[in-house]
Structure formats: structure tokens, C-alpha cells
Amino acid sequence: MEQPEDQMRRAIGTVLQSDPLIKLLQEVRLGRMKATDPGLRAVTESWMAVYSQVLQAQPVPAALLPRLDPTPRLQVLVDAGVLSWDDPGTASLRDVFQRLSAPAA
């Protein structure tokens, strides 16, 4: 049986595979890409969809769930102008996390 920490590592690894912060946001900061670039938007939306799927599909113990909170990463994207808090994808991802966190609270 898989240990909780192994579940967490797998979940984080899956989210990181499509994370736009790692490479693309640096391009925005350097001025090589605009925050409104359609390619960046597509990657960001795909990442949010993967993140949502990971939260819903990979069982993570309630005690470890806060480590998967998308809010800090979303905040970086909002601050960079890539997303807004009103964006449907942003709201959806936050809602999924809050719904999963509710029983743990």
C-alpha cells in the first residue's frame, strides 16, 4: 500500500510537469513574452486543469492537503498579470481545493 508521503510526492510531481511558473513566467519577467501571450495562456489553462484533476483524482490525506494549496502559485500568476482572481479557471481551481479542504477544516 502506498504511503501518504508517496501520494503527496506523486501529486506534486504531476502538477510540476505542466507548471508555467518554472520556465514561462521567467520569460514574462525578462520581457521576452507578454503576460497576455496566447501560448502562455494555453499552458496556464492546461496546468490549472491538470492541477484540478490531481486534486480530485489522487487521494491525499487531509493532513497533507494544505501542501497542495494552489493559491500561492495562482498569486504569482495574478501578480504577473497572466491570470486574474475573477478568471473562471482560477476560481474553479480554488473552488475544487476549498471543497476538498472543507472536511479537513
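This text follows the structure it describes.
**Here's the deal with the overall build of the protein chain**
Alright, step 1. In terms of regular secondary structure, the protein chain is built from five helices and zero strands.
Alright, step 2. Element order for the protein chain, N to C, with α for helix and β for strand: α-α-α-α-α.
Alright, step 3. With the principal axes as the frame, the protein chain shows a C-alpha extent of 45 × 25 × 15 Å.
Alright, step 4. Within the protein chain, buried positions represent 34% of all 105 residues.
Alright, step 5. In the protein chain, the share of contacts with a sequence separation of at least 24, taken over all contacts with a separation of at least 6, comes to 70%.
Alright, step 6. For the protein chain, the exposed surface amounts to about 6100 Å²; the carbon and sulfur share of it is 55%.

**Considerations on the side chain of Ser52**
Alright, step 1. With respect to the helices, strands and loops of the structure, Ser52 is situated in helix α3 (residues 38–57).
Alright, step 2. For Ser52, a relative accessible area of 12% translates into the label buried.
Alright, step 3. A polar contact of 2.8 Å, which involves the side chain of Ser52, links it to the side chain of Gln56.
Alright, step 4. Residues in contact with Ser52, not counting those within four places in the same chain, are Leu93 and Val96.

**Section: the packing of aromatic side chains**
Alright, step 1. Here the structure, examined in full by the defined rule, presents one aromatic pair.
Alright, step 2. With centroids separated by 5.3 Å and ring planes inclined at 85°, the aromatic side chains of Trp47 and Tyr51 adopt a geometry described as edge-to-face. Here Tyr51 and Trp47 lie together in helix α3, a separation of four residues that amounts to about one turn.
Alright, step 3. A relative accessible area of 0% places Trp47 in the buried class.

**Quick notes on the packing of α3 against helix α4 (residues 71–79)**
Alright, step 1. With their axes 13 Å apart at the nearest point, α3 and α4 run at an angle of 165° to one another. As far as their axial angle goes, α4 and α3 are roughly antiparallel. In this structure, the crossing between α3 and α4 has a hand that is left-handed. Contacts from Thr44, Trp47 and Met48 in α3 reach Arg73, Leu74 and Leu77 in α4.
Alright, step 2. Of the residues assigned to the contact of α3 with α4, the class counts are four nonpolar, one polar and one charged.

Here is what the cut-offs are and how they apply
- Residues numbered from 1 in each chain as written.
- Predicted model: local features only at pLDDT ≥ 70, side-chain atom pairs only at ≥ 80, totals over all residues.
- Heavy atoms only, no water.
- Helix = DSSP H or I, 4+ residues; strand = E, 2+ residues; numbered from the N terminus.
- Buried < 20%, exposed > 50% of the residue type's maximum accessible area, 1.4 Å probe, protein only.
- Contact = heavy atoms within 4.5 Å.
- Areas by Shrake-Rupley, 256 points an atom, 1.4 Å probe, with all protein chains shown as cover.
- Polar contact = N/O pair within 3.5 Å; in protein donor to acceptor, adjacent residues only side chain to side chain.
- Phe/Tyr/Trp six-rings, centres within 6.5 Å; stacked < 30°, edge-to-face > 60°.
- Axes fitted to C-alpha atoms, helices over the stretch in contact; angles between N-to-C directions.
- Parallel < 35°, antiparallel > 145°, perpendicular 65-115°, else oblique.
- Left-handed = near helix turned anticlockwise from the far one by under 90°.
- Nonpolar A, V, L, I, M, F, W, Y, C, P; charged D, E, K, R; others polar.

Just distances and angles here, no functional claims.
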